[in-house]
Amino acid sequence: MCSVHAPIRAITLDLDDTLWPIAPAIALAESALESFLARHAPRAAERWPADERRRLRRRLDLERPQLAHDMSAQRRWMLEHMLAEAGEDAALAAPAYDAYFAARCRVEHYPDSLPALERLAARVPLAAVSNGNACLRTIGIDHLFAFQLGAGEHGAPKPDRGIFLAACERLGLPPGQVLHVGDDPLCDVAGARDAGLQACWINRPDASGRLSSWTVDVPAPELQFPTLSALADWLEATHDTEPTR
Ligand SMILES: [Mg+2]
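First things first, this report covers the structure right here in the doc. Everything quoted here is computed from the prediction, not taken from an experiment.

Comments concerning the sheet that holds strand E4 (residues 178-182)
- Overall, parallel pairing links the 6 strands, which are arranged E3-E2-E1-E4-E5-E6 in an open sheet. Each edge of the sheet is formed by a strand with only one pairing partner; in this case those strands are strand E3 (147-150) and strand E6 (223-225). If you compare each strand with its neighbour and ignore which way they point, the axes differ by 20° on average.
- Alignment of strand E5 (residues 198-202) against E6, held across 3 bridges, turns out to be parallel. Within E6, the position partnered with Ile 202 by the bridge is Phe 225.

Structural notes on the pattern of salt bridges
- This structure, assessed with the given rule, holds 19 salt bridges.
- Across the pair Asp 188 and Lys 158 runs a salt bridge whose closest N-O atoms are separated by 2.8 Å. Here the residue Asp 188 occupies a position in helix H10 (residues 185-194), and Lys 158 occupies one in the loop between helix H8 (151-154) and helix H9 (161-171), the gap between them amounting to 30 residues.
- With relative accessibility at 2%, the residue Asp 188 sits in the buried group.
- A relative accessible area of 3% places Lys 158 in the buried class.
- In this structure, Glu 222 engages Arg 193 in a salt bridge whose closest nitrogen and oxygen atoms are separated by 3.2 Å. Placement of Glu 222 in the loop between E5 and E6 and of Arg 193 in helix H10 is noted, with a sequence separation of 29 residues between them.
- Glu 222 sits in the buried class, given a relative accessible area of 4%.
- Residue classification places Arg 193 among the partly exposed positions, given a relative accessible area of 31%.

A closer look at the coordination of the magnesium ion
- Around the magnesium ion, the protein contributes the donor atoms Asp 14 (OD), Asp 16 (O) and Asp 183 (OD), which lie 2.1 to 2.2 Å from the metal centre.
- Of note, the donors binding the magnesium ion are all from one chain and are spaced D-x1-D-x166-D. Note that Asp 14 is positioned in the loop between strand E1 (10-13) and helix H1 (22-40) and Asp 183 in the loop between E4 and H10, a separation of 169 residues in sequence.
- Residue Asp 14 is classed as buried on the basis of its relative accessible area of 6%.

Procedures and definitions
- Residues numbered from 1 in each chain as written.
- Predicted model: local features only at pLDDT ≥ 70, side-chain atom pairs only at ≥ 80, totals over all residues.
- Heavy atoms only, no water.
- Pairing = 2+ DSSP bridges.
- Helix = DSSP H or I, 4+ residues; strand = E, 2+ residues; numbered from the N terminus.
- Axes fitted to C-alpha atoms, helices over the stretch in contact; angles between N-to-C directions.
- Salt bridge = Lys/Arg side-chain N within 4 Å of Asp/Glu carboxyl O.
- Buried < 20%, exposed > 50% of the residue type's maximum accessible area, 1.4 Å probe, protein only.
- Donors = N, O, S within 2.8 Å, 3.2 Å for Na, K, Ca; no water.

Shown next as structure tokens:
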């Protein structure tokens, strides 16, 4: 499984579904938004129940493809649209977004994430490369990262190679010395390898303990582990046996 072909000098990390499961955070955020609307914009709350919001989201995907990489811009567009159509005060869009976003950042880490991040960060610089809009400072783990680069800020999402190359440039390293770590075979593994990075697939077991197999039609990653702890074990063993260090 291990076929890393150059020393790893930095790690870029996906966030959602790599450090924490995203579905519970989004459920919390949707619920926080409903509470906000019920309290401050009741006509919007009534006009936009969950299924209507999902419909609006699909419409947004079709009508505003230029926002597809920017979750924050998508959410703001939706809120402005929802408030306007319900005849509510447009100025509520900002606090409604804040209510949604604060809950979106109340993530629950996988049990191994924080200890493993600390071990990884003790060895090499870490940078977050994400298509989502989680805020590491709000979540309280920004001290473990050199920087965070999101698709919204960069202007294009993974698997586009540009976001990976931009991260390597900020790290001051050639892509071949950077390992990208993430859960998504296409966005994380195929995208990173297309940009010349090495890739590690975090393939967490499902609820019944089963691991997925590599079925996508792109080359398998250099590394795959079921947890970030296993990646930290590998990095520590690798660095401890590197003759140049
Ligand atoms: Mg992910």
